[in-house]
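In case you want the letters, here they are:
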Amino acid sequence: MCALDLETGAVGEEEVVLDDLTGSLGFLTRAAYLQIGDLIRAQCTLAVSPPTLSTLALIRANPGIRQVQAARILLVRESNMAILVRELVGKGLVERRNAGGKRSGLWITEEGRKIVAQTGEATAISREYADILSDAEYQQLVSLLARAYRARL
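Residues numbered from 1 in each chain as written. Predicted model: local features only at pLDDT ≥ 70, side-chain atom pairs only at ≥ 80, totals over all residues. Heavy atoms only, no water.

**Focus on the overall build of the chain**
For the record, the criterion: Helix and strand labels come from DSSP, where a helix needs a run of H or I of at least four residues and a strand needs a run of E of at least two; each type is numbered from the N terminus. Note on definitions: a residue-residue contact is assigned when non-hydrogen atoms from the two residues lie within 4.5 Å. Residue-level accessible areas treat just the shown protein chains as cover; the underlying method is Shrake-Rupley with a 1.4 Å probe.
Along the chain, the regular secondary structure elements total 7 helices and 5 strands. Written out in order from the N terminus, the α and β elements of the chain read β-β-β-α-α-α-α-β-β-α-α-α. Residue pairs in contact within the chain that sit at least 24 positions apart in sequence constitute 46% of those at least 6 positions apart. Summing over all exposed atoms, the chain offers an accessible surface of approximately 10,400 Å²; the carbon and sulfur share of this is 54%.

So this is what it looks like as structure tokens:
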């Protein structure tokens, strides 16, 4: 991945005009998401992707959560969640159990718990990515993003 200087628009030796992109929340959040994901994969020994890790963490914190609930909370299409859950069950990280009535819920397995234990390592790397921010700025950024997320639910 080439380094991009948002101030000058320089990518390597070439200058690129970014125009309105540097003011676009969508562009900037996607760029940060991709860069953090790359950093985590490069520096961690995570056995799963960051979105999968989020899914496992949610299931661990909410034993018996229904797949449709997980999709809504994680802002994922139900069809994509179905594919992900099928993979997690196949890998032995999650299991489906009867949650009473006709509904089945999701439970994390011991193997899944071991993977979620790596969350702290990924969080530390995410904070390292934002080392240009003071602690107060970082907390403000997290607070603003959390507020935007809650508004979407």
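**Re helix α2 (residues 50–61)**
Put simply, the test is: In this scheme, a helix's expected span is set at 1.5 Å multiplied by one less than its residue total. Exposure classes here rest on a 1.4 Å probe applied to the protein chains alone. A residue is buried below 20% of its type maximum, exposed above 50%, and partly exposed in between.
End to end, α2 covers 16 Å across 12 residues, agreeing with the expected 16 Å (1.5 Å per residue, within 8%). Residues P50, T52, L53, T55, L56, L58 and I59 constitute the buried set of α2.

**Some points on the confidence of the model for the chain**
To be explicit about the condition: Per-residue confidence from the prediction method is given by pLDDT, with values spanning 0 to 100.
When the pLDDT values of the chain are averaged, the result is 82; 79% of them are 70 or greater. Of all the helices and strands in the chain, strand β2 (residues 10–11) carries the lowest mean pLDDT, 55, while helix α4 (residues 78–90) carries the highest, 96.

**Examining a nonpolar patch on the surface**
The following threshold applies: Distance thresholds for patches are 9 Å for like charges and 5 Å for nonpolar side chains (Val, Leu, Ile, Met, Phe, Trp, Tyr), applied to residues having over 30% relative accessible area and no salt bridge. For this analysis, a salt bridge means a side-chain nitrogen from Lys or Arg found within 4 Å of a carboxyl oxygen belonging to Asp or Glu.
Where nonpolar side chains cluster on the molecular surface, the patch consists of I73, L75, Y149 and L153 and spans about 330 Å² of accessible area. Tracing the sequence through the fold places Y149 in helix α7 (residues 135–152). In this structure Y149 comes out as partly exposed when scored by relative accessible area, which is 30%.

**So, the packing of α2 against α4**
Condition: In this analysis, axes come from line fits to C-alpha atoms, helices being fitted only over the stretch in contact, and the angle between any two N-to-C directions falls in the range 0 to 180 degrees. Comment on the angle field: the value is read as roughly parallel under 35 degrees, roughly antiparallel over 145, roughly perpendicular from 65 to 115, and oblique elsewhere. As a working rule, the residues Ala, Val, Leu, Ile, Met, Phe, Trp, Tyr, Cys and Pro are called nonpolar, Asp, Glu, Lys and Arg charged, and the rest polar, with Gly in that last group.
Between α2 and α4, the shortest axis-to-axis distance is 11 Å and the interhelical angle comes to 80 degrees. When the axis of α2 is compared with that of α4, the two are roughly perpendicular. Contacts between α2 and α4 involve T52, T55 and L56 from the first element and M81, L84 and L88 from the second. Looking at the contact of α2 with α4 residue by residue, the classes come out as 4 nonpolar, 2 polar and no charged.

**Focus: the pairing of strand β5 (residues 104–108)**
Under the convention used in this document: The criterion for strand pairing is that DSSP finds at least two bridges linking the strands in question.
With respect to burial, β5 is a largely interior element, 4 of its 5 residues being buried. Note that strand β4 (residues 94–98) and β5 share 5 bridges and pair antiparallel. Bridge pairing links V94 to I108 in β5.

**Some thoughts on the pattern of salt bridges**
Considering all chains together, one arrives at 3 salt bridges under this definition. With a closest N to O distance of 2.8 Å, E95 and R97 form a salt bridge. Residue R97 is classed as partly exposed on the basis of its relative accessible area, which comes to 37%. Between K114 and E111 there is a salt bridge; the shortest N-O distance is 3.8 Å. Here K114 and its partner E111 are both found in helix α5 (residues 110–116), 3 residues apart, which amounts to about one turn of the helix.

**What to know about unusual backbone geometry**
Its identity is not glycine, yet L75 carries a phi of approximately 55 degrees, on the positive side. As for its placement among the helices and strands, L75 is situated in the loop between α3 (67–73) and α4. For L75, a relative accessible area of 40% corresponds to the partly exposed category.

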